[in-house]
Amino acid sequence: MEKRLKQCLGIDVSKLNLSLSLGFLTDKLNKEFISHPDVPNDLSGYKELLKWLRKSVDASVELLVVMEATGVYHQGIAHYLHSKGYSVCVMQSGRVKSYARSLDQRSKTDALDSKMLGMLGLERSIRLWEPPSEELQRLKALSRERSSLLKDRTIENNRQGAISSSVYRNAKALKRHKNRLKLINGQIGSIEEEMQDLISKNKVLRNKIGFMMSIPGISFISAATVIGETLGFASIVNAKQLTSYAGYDVVLRESGNFKGKTRISKKGNSHIRAVLHMPSMTCVRCNPTLKQFYNRLKPKKAKPLVALIAVQRKLLILMYTLWKNEEFYDADFETKKQQKREALAAQDNNLIAQLVS
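What counts, and where the lines are drawn
- Along each chain, numbering runs from 1 in the same order as the chain's sequence is written.
- This being a predicted model, a pLDDT of at least 70 is required before a residue's local features are given, and a value of 80 or more before pairs of side-chain atoms are given or counted; all residues contribute to the totals for chains, interfaces and linings.
- Just so you know, side-chain values use all the structure's heavy atoms and leave hydrogens and water out.
- Axes here mean lines fitted to C-alpha atoms, for a helix over just the part in contact, with angles spanning 0 to 180 degrees between N-to-C directions.
- Counting from the N terminus, the helices are DSSP H or I runs at least four residues long and the strands are E runs at least two residues long.
- The scheme is simple: roughly parallel for angles under 35 degrees, roughly antiparallel for over 145, roughly perpendicular for 65 to 115, oblique for anything else.
- In what follows, a contact means two residues having at least one pair of non-hydrogen atoms within 4.5 Å.
- Polarity classes work like this: nonpolar for Ala, Val, Leu, Ile, Met, Phe, Trp, Tyr, Cys and Pro, charged for Asp, Glu, Lys and Arg, and polar for all others, with Gly in that last group.
- Whenever a carboxyl oxygen of Asp or Glu lies within 4 Å of a side-chain nitrogen of Lys or Arg, that contact is scored as a salt bridge.
- Residue burial is assigned from relative accessible area. The probe radius is 1.4 Å, only protein chains are included, and a residue is buried under 20% of its type maximum, exposed over 50%, and partly exposed in between.
- Whether two strands pair comes down to DSSP finding at least two bridges between them.

Caption draft 1: Looking closely at the packing of helix 3 (residues 93–102) against helix 4 (residues 110–123). The contact between helix 3 and helix 4 brings their axes to 11 Å, and the two run at 95°. As judged from the angle between their axes, helix 3 and helix 4 are roughly perpendicular. Facing Val-96, Tyr-99 and Ala-100 of helix 3, the residues of helix 4 in contact are Met-116, Leu-117, Met-119, Leu-120 and Glu-123. Within the contact of helix 3 with helix 4, the residues separate by chemical class into 7 nonpolar, no polar and 1 charged.

Structure, rendered in structure tokens:
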């Protein structure tokens, strides 16, 4: 019998069901898979899955559970298995799709997707998932609710403007729109107060958000939204991953003589990009570092918006750096950095001159 080196459970998550595929990697690098009928995506299904795992897994080899992030539907099973002591990995959809394309798999079913996730866990070394804190989960939910209400407010403002400009306007309809707009504004204010209260009660979170707000142009709402959407940068290990997560990664399209347009992928968190738009416009006016960066970049771009998006990307990385290093923003950082480089270059030149003489 071949010795098993690794075992991985792939779970394809949908709103109602979980599709399961348990894979084994042997010492001869062969892959074996066993499946189980779909189970409900609720507590009864979780218990049925746990009973099957206890009978099917190899106790001498650690089990890795791999699933794809699917909005909120994966959270129940991820938290349940983690609480039972299993190693869980929640993969971003972009990475999963890239791996699936490499398999040249033309059909797509839940069973095939669960097998693909199991295969990914057997072949790759992937980072384990840790449940975010309750405060960060609440902060993310509040920022999403606020974002939804902002869209509703824009719609109501547009409708109210259309009714006011109409020749045959209805006074009662206009009053109803004003009442709805008043309700939405009240709810937005209530959510912002709840976000303030949530962060003020957590000393660590309050201090760290203070580092981000030390950047000229960054408001409390902007910082809180970025923290909530990234869950405190919990799964972010470097700036490149962060830009990809937010959809700011640059996409090049070139082949032979063809030179396509360079753009950002936008295959990431749209809430982060939306909340950084207004702060970036403020930063190019009042932030000395980013203003200089924008003015240097703007003449080279066909549209000013391209330079503004570059500012948003740089701003996001700056927020991440201050959060990780627990430092306040230093407007003279770039100047000090340049002076240090010049001083080191001068020392090297003096040393070379001494050696030559």
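Next comes the rest of the account.
Caption draft 2: Expanded view of the pattern of salt bridges. If you walk through the whole model with that rule in mind, you get 10 salt bridges. In this structure, Arg-144 and Glu-229 form a salt bridge, with 2.8 Å as the shortest nitrogen-oxygen distance. Within this pair, whereas Arg-144 is found in helix 5 (residues 134–165), its partner Glu-229 is found in helix 8 (residues 220–230), the two being separated by 85 residues in sequence. The exposure class assigned to Arg-144 is partly exposed, which follows from its relative accessible area of 33%. The exposure class of Glu-229 is buried, given its relative accessible area of 1%. The partner of Glu-156 in a salt bridge is Arg-180, and the shortest N-O contact between them spans 3.5 Å. Here Arg-180 lies in helix 6 (residues 171–200) and Glu-156 lies in helix 5, a separation of 24 residues in the sequence. For Glu-156, a relative accessible area of 7% corresponds to the buried category. Residue Arg-180 is classed as partly exposed on the basis of its relative accessible area of 36%.

Caption draft 3: Looking closely at the sheet that holds strand 5 (residues 87–91). Strand order in this open sheet of 5 strands is 3-2-1-4-5, and the pairing throughout is mixed. Strand pairing shows two members of the sheet lacking a second neighbour, strand 3 (31–40) and strand 5, which therefore form its edges. With strand direction ignored, the average angle separating the axes of adjacent strands in the sheet is 20°. When strand 1 (residues 4–13) meets strand 2 (residues 17–26), the two strands line up antiparallel, connected through 9 bridges. Within the sheet, the bridge partner assigned to Lys-6 lies in strand 2 and is Leu-25.

Spatial relationships are all this shows, so hold off on functional conclusions.
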